[in-house]
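What the coordinates show
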Amino acid sequence: MAREKKTPEELVSDAASVEMVKKSIDDCVDTCFSRAETQKTPCKFGTLGVCCKICHMGPCRITPNAPRGICGADADTIVARNFLREVAAGTAAHSDHGRHLVLNFKKVAEGKNKDYQLTDIVALHRIAGKYNIETVDRNDNEIALELAELFISEFTKQEETLETLNLAPENTRKLWKKYDIEPHGIDRMVVEAMHRTHMGVDHDYRNLLDHAFRTSLADGWGGARIASMIGDILFGTPKPVRSTANLGVLEEQHVNIIVHGHEPSLSEMLSAAVKDPEVVEYAKQAGAEGITIAGLCCTANEVLMRRGIPVAGNFLQQELAIITGSVEMMIVDVQCVMPSLPNVASNYHTEVISTADIAKTIGADHVSFDADNAYESSLALIKRAIDNYKNRDPHKVQIPSEKKPLVAGFSVETIRHMLGGRFRASFRPLNDAIISGRIQGVVGIVGCNNIKTKTDSYINTLTSELIKRNIIILKTGCAAQASAKAGKLTPETALEEAGAGLREVCETVGIPPILHMGSCVDNCRILEASSELVWEGGLGDILGGLPAVGVAPEWMSEKAVTIGCYFVASGVDVILGQSFHTSGSENVERYLCEGAQERFGGGFHYIPDPMDAVEKIMELINEARNNLGINKKAERKLMDMKDRRALDV
Ligand code: NFS
Ligand code: SF4
């Protein structure tokens, strides 16, 4: 079916985006929303996953009349190969981000990069302790260096399994061993995925999909986890922080700089440099009242979590931010950066600057990011943005007023402290609340926006309905920003909607019912929190037994495919708002859904409607609660005289 033309109100949820989609039409600027119309109907073969272009005898496409490609590959092989390649790409993206951080971390430990510090020594010791690295009577740089070398070896290991897997509960690890999906070195897993999917290698869809799970674990319990941990050591473990979200964070009288992409090293430095009196003065001389730095996508989450930098928007707002006409510079690095940005920017005065040597775009100016000279390069970029302020055309400026207050910064450490207090930090109160039924379960809502769904609509409906039903929500990525824009990340507004049990717990311990845990690599923090629930006791002894579900309502990226896989392989049921490109093979779908459920305790479910998803989630949580034996209503016992006397001792 051809994609029908939609009104701005049907495309996007928040008022700021509606206003900017309208402006894009008035300004005759192409955006993802208009291009989606010209793209018309998505290719059927691609949607089913049955197009193979792995060798040059093809491309081959599977149809009822042509059930095999020229080499003899059937739909199962082709669909599974395509799927594994997606997972490999997702793992590669997160893990390369992790690698860049590790290499920088090593330089800092060696004293070779003075622009960055070991900011959070408590985190350094805590993390070194997890890997049994000696911390007593050693200096911090020595500890950091040993940790950096260990992390590097996680990428290069050939035959040993990843050490980071040991951060998972024992019984979950046993399952990985039993089904032979423990990953070796991260790089090896990705290389092997490419080898297996080369023409004429692995043809058994089950073997291919097992490697997809194995590769995904090298991300969630490998590269992504390492990225989060190093982020905490270098930039600080996130603590609750107030900020604001949506395009209204841009300011008319300010020089506006947007940081967009994923890796935190440059955005952290820019966020620090923007306060430097030298550039503040320089901005004044240019006639601006100040400098605003705001984030997009997961870069926004990184600098929000640790510095409270405001969020300009999530994935589908990247072009809309430029359309405000008020952005002097958009600085991008890697992932989820649309190649259209320079084209959109050419209609305004915005400079698009790419900074990662592995990610260039025609039309963007490339300024290679030099981590060894990060502060000075940040100052230079900010000055260049200030120089561009004079080129702003006031007639083209239209900044939507909409922005919402928020609280973010919920690392596992923070949650533990909030739940238990400074001196007895613990997850106990949360476990008790789940066991008593005041909180029914935990749901992670994560992932992107996708042009196929009205932006944020599925995410926000689902979130509201679940907190009403006493489900505590853990969020990351663009899904967290959707809540922020809807004003649901302040404890006050969220509590108004929460069910009585959840509200009581949140009020007692002082946590909001929707917890923003960070960027997409921080999905591993959701697994970390889940592991804490297992270790705390009373909720079984394996991740797969928890009353917990993961949801990616509006996902679009290969990274999201990988994240889904490592959640499922960790035993967590995952609900997807739209299916993978696998429906061309019943066998593959069965293996990913029922097959995974039988083996790991969690599988994939495709549910396009948020209210159907609510129903399924409550069913899964109920089932887990029954299995744990915690679903009984607490019996209310009426005391007779004998009981009373027994109490009187
Ligand atoms: Ni995740 Fe982040 Fe957003 Fe999706 Fe892209 S920014 S890493 S992939 S679109 S959540
Ligand atoms: Fe066709 Fe096989 Fe080549 Fe794929 S690998 S393009 S199915 S011949």
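Here is what the cut-offs are and how they apply
- Residues numbered from 1 in each chain as written.
- Chains lettered and ligands numbered in written order.
- Predicted model: local features only at pLDDT ≥ 70, side-chain atom pairs only at ≥ 80, totals over all residues.
- Heavy atoms only, no water.
- Helix = DSSP H or I, 4+ residues; strand = E, 2+ residues; numbered from the N terminus.
- Rg over C-alpha atoms; globule rule 2.2 N^0.38 Å.
- Buried < 20%, exposed > 50% of the residue type's maximum accessible area, 1.4 Å probe, protein only.
- Contact = heavy atoms within 4.5 Å.
- Near = heavy atom within 4 Å.
- Nonpolar A, V, L, I, M, F, W, Y, C, P; charged D, E, K, R; others polar.
- Patch = residues over 30% accessible without salt bridge, like charges linked within 9 Å, V, L, I, M, F, W, Y side chains within 5 Å.
- Areas by Shrake-Rupley, 256 points an atom, 1.4 Å probe, with all protein chains shown as cover.
- Salt bridge = Lys/Arg side-chain N within 4 Å of Asp/Glu carboxyl O.
- Donors = N, O, S within 2.8 Å, 3.2 Å for Na, K, Ca; no water.
- Tetrahedral: all angles 85-135°; square planar, octahedral: opposite > 155°, others 65-115°.
- Domains from an automatic or database assignment.
- Buried area = accessible area lost by both parts, 1.4 Å probe.
- Polar contact = N/O pair within 3.5 Å; in protein donor to acceptor, adjacent residues only side chain to side chain.
- Pairing = 2+ DSSP bridges.
- Axes fitted to C-alpha atoms, helices over the stretch in contact; angles between N-to-C directions.
- Core = buried A, V, L, I, M, F, W, Y, C linked by side-chain atoms within 4.5 Å.

**Examining the overall build of the protein**
Helix and strand counts for the protein come out as 27 helices and 16 strands. For 649 residues, the compact-globule estimate of 2.2 N^0.38 gives 26 Å, and the C-alpha radius of gyration of the protein, at 25 Å, lies within 12% of that figure. Along the three orthogonal principal directions, the C-alpha set of the protein runs to about 85 × 70 × 55 Å. Counting every position in the protein, which comprises 649 residues, the buried fraction comes to 59%. Restricting to contacts in the protein with at least 6 residues of sequence separation, those with at least 24 account for 76%.

**Details of the site of ligand 2**
Around ligand 2 lies a shell formed by Cys52, Cys55, Met57, Gly58, Cys60, Gly69, Ile70, Cys71, Arg81 and Met199. Considering only residue class, the shell around ligand 2 consists of seven nonpolar, two polar and one charged.

**Notes on a nonpolar patch on the surface**
Among the surface-exposed residues, Met57, Ile70 and Met199 lie close enough to one another that they form a single nonpolar patch of about 290 Å² accessible area. For methionine 57, the location among the structural elements is in the loop between β1 (51-52) and β2 (60-61). You can call methionine 57 partly exposed: its relative accessible area is 48%.

**Focus on the coordination of the nickel atom of ligand 1**
Tetrahedral coordination by four donors places them ideally at 109.5 degrees to one another around the metal; octahedral coordination by six donors ideally gives 90 or 180 degrees. Of all protein atoms, just one serves as a donor to the nickel atom of ligand 1, and that atom is Cys520 (SG), at 2.2 Å. Here the nickel atom of ligand 1 binds four donor atoms, and the angle range of 91 to 152 degrees at the metal identifies the geometry as irregular. One can find cysteine 520 in the loop between β13 (514-516) and α23 (523-536).

**Re the pattern of salt bridges**
If the charged atoms of two oppositely charged side chains come close together, the side chains can form a pair. Taken as a whole and assessed by the stated rule, the structure comprises 42 salt bridges. The partner of arginine 416 in a salt bridge is glutamate 532, and the shortest N-O contact between them spans 3.0 Å. Residue arginine 416 is found in helix α17 (residues 412-420), and its partner glutamate 532 is found in helix α23; the two are separated by 116 residues along the sequence. Overall, arginine 416 belongs to the buried group, its relative accessible area being 16%. Across the salt bridge formed by lysine 488 and glutamate 497, the nearest N and O atoms sit 3.1 Å from each other.

**Structural notes on the site of ligand 1**
Close to ligand 1 lie His262, Cys297, Cys298, Phe315, Cys336, Gly447, Cys448, Cys478, Cys520, Met556, Ser557 and Lys559. Grouping the amino acids of the shell around ligand 1 by side-chain chemistry returns eight nonpolar, three polar and one charged.

**Overview of the domain arrangement of the protein**
Looking at the assigned domains, one finds that the protein contains domain 1 (8-61), domain 2 (75-235), domain 3 (247-396) and domain 4 (424-631). Computed over C-alpha atoms only, the centres of domain 1 and domain 3 are separated by 26 Å. The interface of domain 1 with domain 3 comprises 14 residues on the first partner and 13 residues on the second. It is Met20, Lys23 and Val29 that lose the most area in domain 1 upon contact with domain 3, and together they represent 39% of the buried surface on that side. Where domain 1 touches domain 3, the interface holds one salt bridge. Between glutamate 319 and arginine 35 there is a salt bridge, with its nearest N and O atoms 2.7 Å apart. The interface formed by domain 1 and domain 3 contains seven residue pairs in polar contact (both at pLDDT 80 or more).

**Description of the sheet that holds β13**
Ordered by their spatial adjacency, six strands build an open sheet running β13-β12-β11-β14-β15-β16, and the pairing between neighbours is parallel. For this open sheet the edge positions go to β13 and β16 (604-606), each flanked by a neighbour on one side alone. Mean inter-strand twist for the sheet, computed between neighbouring axes without regard to direction, equals 25 degrees. Pairing geometry for strand β12 (residues 471-475) and β13, over three bridges, is parallel. Directly across from leucine 474, in β13, lies its bridge partner leucine 515.

**Comments concerning the nonpolar core**
Among the nonpolar cores identified, the biggest contains 152 residues, and Phe105, Phe151, Phe213, Val443, Leu466 and Phe604 are the most heavily contacted of them. The biggest single contributor to this core is helix α10 (residues 205-235), with 16 residues. Apart from residues no more than four positions distant in its own chain, phenylalanine 604 is found in contact with Phe213, Gly564, Cys565, Val568, Val574, Leu576, Phe580, Leu592 and Cys593. One finds Cys297, Val327, Val344 and Val397 within the second-largest nonpolar core, a separate group that totals 36 residues.

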